[in-house]
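Here's the letter readout for the chains.
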Amino acid sequence: MSHPTTCLANPPEGASAQARLLRDPPHVRRLSGAASPPRRKAPSFLGDQQPPQDPGRPRSDSARLIQGANRVAATPRRRAGCQSEARDSPGRPSTERARRFRRRPRLLITSSRAPEVASPWRWDAPRLAGVRRSGSESEGDRRGGGALARRPPSATAGQEAMDADPDCSVAHQVSDNDSDTETKTDPDAQAQEYIARVLGPSSQSAQASQCLPPESLSVGGLAQVSECRSPLLDLKKSPVSDDTVSGLLSLPLELILEICSYLQARFVLSVLPLVCQTLRDIVQDKVTWRIRLQKRIGGCYPVVEVDDDFNWPAACIELEEHLQQWAEDGKNTEYFSLADGHFASVDSVLLLQGGELCVSGSRDRNVNLWDLRQLGKAPEKVLVKALGTERNGTHKGWVWSLATRDNRVCSGSWDSTVKLWDIAADGQQFGEIRGKAAVLCLSYLPDILVTGTYDKKVTVYDPRASQPLVKSRKLHSSAVLSLAADERFIISGSEDRTLVCFDRRANSVLQRLQLDSYLLTMSYQGGQLWAGDNYGLLYVFQNRGGSFQRVRYFDVGHRSQITGVQHSLGALYTASTDKTLRIHIPTDPPKAICSRTHSYMLSGISVAGNIAVAASGGLSLEVWRLPV
């Protein structure tokens, strides 16, 4: 049965008693001093007698329903809806008057609908009050839309209001839900937002820097975390249906990274991307690898400022394998001394084909080829041959320098010649370059061959041409002792204590640095130049926009000249005339892992694969085979 909507507005003058009753309920008339109607006796349900009819009582069903509803709502009306009338009552005590102002919902009866609530209070007030009562907001509350953003999708706005204000009733919840509906939040979307905020390009650099210890940053704050644009990581929706994998991906990102830290870096990089898209995205994030590397070494790495294209995964893999190979002072390494091959001091050594083969140059004028795959077997199986066909030796003077490119090797000698050998063709000679002075250092590139000679010159050759000489420049005032080159620069160190950078494209000297010592050996890779001097110090130079600057120099423990330096992303080796080979981590400063002492001075070092070999003044090659 449908009833018309009841209107509680003031009725016009002369209205019926029923309308006056609706306008001024009994409790209002009592406040204004009007006489109270006589209290009626409750009907008896044990008999058929009914109380006498009140002359002012409405006779219709709809009127009785409305009057009964207003009688039930009398108390809430006094507290929430009739504040103005309560203020007009001078005889009421202030405490009782305050109780009437207590917030209560007011029930209204409408036609064909459930009772609604007309609350005089705004929805925002209890929500803000609830936030204040819950304590300080977390970072996720401020970024994710407040404390209510953490509610599950099933929680409605009315339920959240009830949690914020325990005095609110169920009817109050329904009214708030109708008037101000809160948007439901998907927890998966929140996870994506969190990953994007923490690992996204906008805040990734600052966030990664905060995760690192202060000493991990380079000198002068030069090192910056490279921004990487990795896809959003959805850790709750895995494309893999396997229960085990899905359970793993449901863990927080930090816990997944902690689990991966117990796996080998090479395994993580090669296997995990094949499992699912989510793990592939995690593995391809460069910040992940930087944080993992910092946790391993705990020092400042790298020493110089790096670009955005720095290969953090490769650096982490190489460093972890380097630490594992030389762990516990290198007790798992195998040591060999190849003394049956040269009958004079060995001054240069070079590994080929990932450490399977080795060439060595000696003062006995020979260049020997060794097969290190036969280590531990008979010496005649390890020594393959002496290169060349002349009876008196490979060269007519001491062999002082070696360089390689792919399967081709060049050897420089004090006889002023450079000879070229094809290792793939069983070590056959395919070229010879005759100079005017002793060849003390070499650099072999795909298109050119650079020599540093005793007559203070740096000379460029093209071994492919019939007339190999390209140009020769006198860049120093003394003998050229060390060389390094790439497709743009030629860097040379001399006994005159200078470092010269020659620009190949401009065909001119780009830079000349005056040093306090002369550099005997160099290792150049990725814009970093590591060089050892005659005082046993290790220098680090950085190429910044075509200009080389000295960034650092270190005392790595050598007491005399450093004759060999091998630097890579995750490893550092130094050899010296003080008869020691030292193994470091390339941090700032370098951290020594272990050292090896020999009976004679060491003249050079070469490392490739799982093999490290040093040239010795005691007529031998010192070889260490590292665990794989």
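As shown above, the structure is provided for reference.
Residues numbered from 1 in each chain as written. Predicted model: local features only at pLDDT ≥ 70, side-chain atom pairs only at ≥ 80, totals over all residues. Heavy atoms only, no water.

1. A few points about the pairing of strand β17 (residues 489–494)
Spelled out, the test is: Three labels apply to residues, based on accessible area from a 1.4 Å probe with only protein chains included: buried if under 20% of the type maximum, exposed if over 50%, partly exposed otherwise in between. Segments assigned H or I by DSSP are reported as helices when at least four residues long, segments assigned E as strands when at least two residues long, and all are numbered from the N terminus. Think of it this way: DSSP has to see at least two bridges between two strands before they count as a pair.
By the criterion of burial, β17 is predominantly enclosed, with six of the six residues buried. Of the two faces of β17, the one carrying Phe-489, Ile-491 and Gly-493 and the one carrying Ile-490, Ser-492 and Ser-494 are both buried. Here five bridges tie strand β16 (residues 480–485) to β17, and the two strands are oriented antiparallel to one another. Bridge pairing in β17 links Ala-484 to Ile-491. With antiparallel pairing between neighbouring strands as the criterion, β16 and β17 make up a hairpin whose turn holds three residues. By the bridge criterion, five bridges tie β17 to strand β18 (residues 498–503) in an arrangement that is antiparallel.

2. A few points about the packing of helix α17 (residues 286–297) against helix α18 (residues 312–325)
What counts here: Convention adopted: a line fitted to C-alpha atoms gives each axis, helices being fitted over their contacting stretch, and angles between N-to-C directions are expressed from 0 to 180 degrees. Small angles under 35 degrees read as roughly parallel and large ones over 145 as roughly antiparallel, with 65 to 115 read as roughly perpendicular and the rest as oblique. For any pair of crossing helices, the crossing counts as left-handed if the nearer helix is rotated counterclockwise from the farther one by less than a right angle, and right-handed if it is rotated clockwise. Whether two residues are in contact is decided by their heavy atoms, any of which lying within 4.5 Å being enough. Three classes are used, and their members are as follows: Ala, Val, Leu, Ile, Met, Phe, Trp, Tyr, Cys and Pro are nonpolar, Asp, Glu, Lys and Arg are charged, and the others, Gly among them, are polar.
Taken N-terminus to C-terminus, the directions of α17 and α18 make an angle of 25°; their axes are 8 Å apart at the nearest point. The orientation of α17 with respect to α18, classified from their angle, is roughly parallel. Both α17 and α18 take part in a crossing whose hand is left-handed. Listed contacts from α18 to Lys-286, Trp-289, Arg-290, Arg-292, Leu-293, Arg-296 and Ile-297 of α17 are Trp-312, Pro-313, Ala-315, Cys-316, Leu-319 and Glu-320. Split by residue class, the contact of α17 with α18 holds eight nonpolar, no polar and five charged.

3. So, a nonpolar patch on the surface
Spelled out, the test is: Like-charged residues are merged into a patch within 9 Å and nonpolar side chains (Val, Leu, Ile, Met, Phe, Trp, Tyr) within 5 Å, provided each residue has over 30% relative accessible area and no salt bridge. Each accessible area is a Shrake-Rupley estimate made with a 1.4 Å probe; only the visible protein chains count as cover when residues are assessed. Salt bridges are counted wherever a side-chain nitrogen of Lys or Arg sits within 4 Å of a carboxyl oxygen of Asp or Glu.
A cluster of nonpolar side chains, Leu-248, Leu-255 and Ile-259, forms an exposed patch at the surface whose accessible area comes to about 210 Å². For Leu-255, a relative accessible area of 38% corresponds to the partly exposed category.

4. Remarks on the sheet that holds strand β28 (residues 602–608)
Strand order in the open sheet formed by four strands is β3-β30-β29-β28, with antiparallel pairing between adjacent strands. Taken across any chain shown, the strands that pair with only one partner, and hence form the sheet edges, are β3 (334–338) and β28. Across this sheet, the average inter-strand angle for adjacent strands is 15°, counted without regard to direction. By the bridge criterion, five bridges tie strand β29 (residues 611–616) to strand β30 (residues 621–625) in an arrangement that is antiparallel. Within β30, the position partnered with Ala-614 by the bridge is Glu-622.

5. Thoughts on unusual backbone geometry
Here the amide bond leading from Tyr-301 into Pro-302 is cis, since omega sits at -5°, within 30 degrees of zero. With respect to the helices and strands, the residue Pro-302 is situated in the loop between α17 and α18. Going from Asp-588 to Pro-589, the amide bond is cis rather than trans, its omega being -5°. Turning to its location among the elements, Pro-589 is positioned in the loop between β26 (580–585) and β27 (591–597). Look at Gln-353: it is not a glycine, yet its phi comes out positive at around 50°. Turning to its location among the elements, Gln-353 is positioned in the loop between β4 (346–352) and β5 (357–362). For Gln-353, a relative accessible area of 36% corresponds to the partly exposed category. In this structure, Lys-579 is a non-glycine residue whose phi angle is positive, near 75°. Mapped onto the secondary structure, Lys-579 falls in the loop between β25 (572–576) and β26.

6. Thoughts on the sheet that holds β18
Ordered in space as β16-β17-β18-β19, the four strands form an open sheet in which the pairing is antiparallel. Lying at the two open borders of the sheet, with one neighbouring strand each, are β16 and β19 (508–514). Adjacent strand axes in the sheet meet at a mean angle of 20° when their direction is disregarded.

7. Quick word on the pattern of salt bridges
In the structure shown here, the tally under the stated rule is 14 salt bridges. Ionic pairing is found between Arg-280 and Asp-281, a salt bridge with its closest N-O pair at 3.6 Å.

8. Description of the packing of aromatic side chains
Convention followed: Stacked, tilted and edge-to-face pairs are distinguished by plane angle, under 30 degrees for stacked and over 60 for edge-to-face with tilted covering the rest, among Phe, Tyr and Trp rings (Trp via its six-membered ring) whose centres lie within 6.5 Å. Whether a charge sits over a ring depends on NZ of Lys or CZ of Arg being within 6 Å of the ring centre and within 35 degrees of the ring normal.
Applying the stated rule across the entire model yields 13 aromatic pairs. Measuring from ring centre to ring centre gives 6.3 Å for Trp-398 and Trp-400, while their planes differ by 20°; the resulting arrangement is stacked. Overall, the relative accessible area of 36% leaves Trp-398 in the partly exposed class. With a relative accessible area of 28%, Trp-400 lands in the partly exposed category. Aromatic rings pair up to connect Trp-398, Trp-400, Trp-414 and Tyr-454 into one cluster. Against the face of Trp-398 rests Arg-363, its NZ or CZ located 4.7 Å from the ring centre. Taking NZ or CZ as reference, Arg-408 lies 4.6 Å from the ring centre of Phe-430, over its face.

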